[in-house]
Amino acid sequence: GGVGRMSLRVLVIDGYRSDSDGRRKAKSFMRVVLQALRTVDTRAEFHMSIMGIEDLQQFIYDPAGNVVSQNQALRNFSSTDLTFIGGESELSPWHPKAALLLAYVNQCVCAGSHVFGDEVAMRMVWHLACVCGRQIQVVDALNQEFDDGSTSRGGGGAQGKPWFF
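All values derive from a computational prediction rather than experimental measurement.

## Here's the deal with helix 1 (residues 20–38)
Thought 1: Look at helix 1: 27 Å from first C-alpha to last across 19 residues, which is about the 27 Å you get at 1.5 Å a residue.
Thought 2: Taken together, the buried positions of helix 1 are occupied by Gly22, Ala26, Phe29, Met30, Val32, Val33, Ala36 and Leu37. Angularly, the buried residues of helix 1 cover 160° about the axis, an arc narrow enough to put them on a single face. With respect to the buried face of helix 1, the exposed residues turned more than 90 degrees away are Ser20, Arg24, Lys27 and Arg38.
Thought 3: In this structure, the buried residues of helix 1 make contact with strand 1 (7–15), strand 2 (45–52), strand 3 (82–87) and strand 4 (114–117).

## Describing the packing of helix 3 (residues 99–111) against helix 4 (residues 119–131)
Thought 1: At a minimum axis separation of 10 Å, helix 3 and helix 4 run at an interaxial angle of 70°. In terms of axis orientation, helix 3 runs roughly perpendicular to helix 4. Considering how the two elements wind past one another, helix 3 and helix 4 form a crossing that is right-handed. In this structure, helix 3 uses Leu101, Leu102, Val105, Asn106 and Val109 to contact helix 4, whose residues at the interface are Val120, Met124, Val125, His127 and Leu128.

Criteria and cut-off values
Within any chain, residue numbers begin from 1 and follow the written order of that chain's sequence. For this predicted model, a pLDDT threshold of at least 70 governs which residues receive local features, and a threshold of 80 or more governs which side-chain atom pairs are given and counted, while totals over whole chains, interfaces and linings are taken from all residues. Heavy atoms throughout the structure, all of them, feed into the side-chain values; hydrogens and water do not. Only DSSP runs of H or I covering at least 4 residues are called helices, and only runs of E covering at least 2 are called strands; the numbering of each starts at the N terminus. By definition here, a helix of n residues has an expected span of 1.5 Å times n minus one. Type-normalised accessible area, obtained with a 1.4 Å probe on protein chains alone, sets the label of each residue: buried when under 20%, exposed when over 50%, and partly exposed for intermediate values. Along the arc lie the directions from the helix axis toward the C-beta atoms. Residues are treated as being in contact if the distance between any of their heavy atoms lies within 4.5 Å. Note on geometry: axes are lines fitted to C-alpha atoms, helical ones only across the stretch in contact, with angles between N-to-C directions running from 0 to 180 degrees. Our angle categories are set so that under 35 degrees counts as roughly parallel, over 145 as roughly antiparallel, 65 to 115 as roughly perpendicular, and the remainder as oblique. The hand of a helix crossing depends on one turn: near helix anticlockwise from the far one by less than a right angle means left-handed, and clockwise means right-handed.

All quantities given are derived from atomic positions and should not be read as evidence of function.
This is how it looks when you write it as structure tokens:
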């Protein structure tokens with residue numbers, strides 16, 4: 001990057017289905033991600049990785065894992081500056097397909113990482129707060145109008161609207 005440019009590593013977690021409806025939702029979420037990144041310092045340089053929930057293992061510290069994989073997971077996780085999580089709103093935190101996402105969100109909460117997410121992320125946060133007793137500061141981060149005419153003002157997070165924690 002250029003002199004004086006801030007460099008941010010961004011992880012986008014795509015938890016949408018692979019059917020046409022899921023891909024449409026993923027595309028819409030990516031527009032929100034890009035719009036949010038444009039509100040950050042315009043001199044910032046972004047290095048973005050997009051991956052599915054099933055690929056998160058490489059970021060999750062597993063005490064039962066070997067030392068090499070533990071160290072690599074911690075390096076991968078620590079090098080991520082911002083995480084965006086989008087996914088199907090009906091994915092429950094206790095569903096087996098959500099296990100890696102829940103573990104990743106828990107790790108973010110423990111580390112104080114910056115996460116921006118839609119309803120699926122909020123379900124994970126809610127679960128951690130209720131079941132694990134985690135104290136989590138949640139902010140309705142965007143005050144904007146969406147493609148469907150709704151706004152995030154005064155209750156974002158519903159129907160896939162974004163939140164930040």
